[in-house]
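So you can see what is in the structure, the chains are spelled out below.
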Amino acid sequence: MTTILLAYVPSATSEAAFEFAVQEATRREAALLVLASERAPDPRKARGVTDKRPLEERLAETGLEFELRTVPKRDDPADDILDAVEHDDIGLVVLGIRKRTPIGKILLGSTSQRVAIESPVPVVLVKPEDFVAPSRF
């Protein structure tokens, strides 16, 4: 059985990625490995999260085989994602992406960009429904 990795921090972007990952795991009859950041805010207070129940409860409700792994705060969360891809049987990575200005990407880097470039398996970047691209000028 293949496994889909979902990187999750309570936010609108991760909610969109959560929905996509669950649909894709169901379609592929795959398991989910969810990497949840320990630095994540309380989901009951996070903006963009409509379902305030604990993530483990929401995952159990899907009926999918899953592992919920809390990862420690790191300077670059891409390390956790890429380590899991390397050491677990991951067939697909799903990440939520948010609006970033070109300067913001240069100054702060981009976890999703690094994972997309360095991952040996396919990566799907999911935008929330209300995503608005930053101005290009």
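Rules behind the numbers
- Residues numbered from 1 in each chain as written.
- Predicted model: local features only at pLDDT ≥ 70, side-chain atom pairs only at ≥ 80, totals over all residues.
- Heavy atoms only, no water.
- UniProt positions renumbered as here; feature names shortened; annotations may be inferred.
- Pairing = 2+ DSSP bridges.
- Helix = DSSP H or I, 4+ residues; strand = E, 2+ residues; numbered from the N terminus.
- Axes fitted to C-alpha atoms, helices over the stretch in contact; angles between N-to-C directions.
- Contact = heavy atoms within 4.5 Å.
- Phe/Tyr/Trp six-rings, centres within 6.5 Å; stacked < 30°, edge-to-face > 60°.
- Buried < 20%, exposed > 50% of the residue type's maximum accessible area, 1.4 Å probe, protein only.
- Lys NZ or Arg CZ within 6 Å of the ring centre and 35° of its normal.
- Expected span 1.5 Å × (residues − 1).
- Core = buried A, V, L, I, M, F, W, Y, C linked by side-chain atoms within 4.5 Å.
- Parallel < 35°, antiparallel > 145°, perpendicular 65-115°, else oblique.
- Left-handed = near helix turned anticlockwise from the far one by under 90°.
- Nonpolar A, V, L, I, M, F, W, Y, C, P; charged D, E, K, R; others polar.

- The name recorded for the chain in an unreviewed UniProt entry is Universal stress protein UspA, from Brachybacterium ginsengisoli.
- Quoted verbatim from the Sequence similarities (unreviewed entry) field of the UniProt record, the comment on the chain reads "Belongs to the universal stress protein A family."

A look at the sheet that holds strand β1 (residues 3-8)
Next, step 1: Taken in spatial order, the five strands of this open sheet run β3-β2-β1-β4-β5, and their pairing is parallel. Edge positions in the sheet fall to β3 (66-71) and β5 (123-126), since each has one partner strand and no second. Within the sheet, the average angular offset between the axes of one strand and its neighbour, ignoring direction, is 20 degrees.
Next, step 2: Of the pairings in the sheet, the one linking β1 to strand β2 (residues 31-37) comprises six bridges and is parallel in character. Bridging from a neighbouring strand, I4 pairs with L32 of β2.
Next, step 3: Against the sheet, helix α3 (residues 78-87) engages β1, β2, β3 and β4 (90-96), with an angle of about 165 degrees to β4.

Quick notes on the packing of aromatic side chains
Next, step 1: In total, this model carries one aromatic pair according to the counting rule given.
Next, step 2: Ring centres 6.4 Å apart and planes at 70 degrees place the aromatic pair Y8 and F18 in the edge-to-face group. Placement of the pair is Y8 in strand β1 and F18 in helix α1 (residues 12-28), with a sequence separation of 10 residues. Accessibility assignment for this pair places Y8 and F18 in one class, buried.
Next, step 3: One residue, R58, lies across the ring of F18, its end atom 4.4 Å from the ring centre.

Regarding α1
Next, step 1: Here α1 contains 17 residues, and its C-alpha end-to-end distance of 24 Å stays within 8% of the 24 Å for a straight helix at 1.5 Å per residue.
Next, step 2: Residues T13, S14, E15, A16, A17, F18, A21, V22, E24 and A25 constitute the buried set of α1.
Next, step 3: Packing partners of the buried residues in α1 comprise β1, β2, α2 (55-61), β4 and β5.
Next, step 4: Immediately downstream of α1, the backbone of E29 shows phi near 55 degrees, a positive value.

Digging into the nonpolar core
Next, step 1: In terms of nonpolar packing, the biggest core is built from 20 residues, with I4, L6, L32 and V94 touching the most fellow members.
Next, step 2: When residues of this core are traced back to their parent elements, those giving at least two are β1, α1, β2, α2 and β4.
Next, step 3: Broken down by element, the residue count for this core peaks at six residues, all from α1.
Next, step 4: Ranked by size, the runner-up nonpolar core spans 14 residues in total, among them A7, A78, A84 and L95.

Remarks on the packing of α3 against helix α5 (residues 111-118)
Next, step 1: Where α3 contacts α5, the axes come no closer than 9 Å and their chain directions differ by 25 degrees. In terms of orientation, α3 and α5 fall into the roughly parallel class. Pair α3 / α5 crosses with right-handed handedness. Contact residues: A78, D79, I81 and L82 in α3; T111, R114, V115 and E118 in α5.
Next, step 2: For the contact of α3 with α5, a count of residues per class yields four nonpolar, one polar and three charged.

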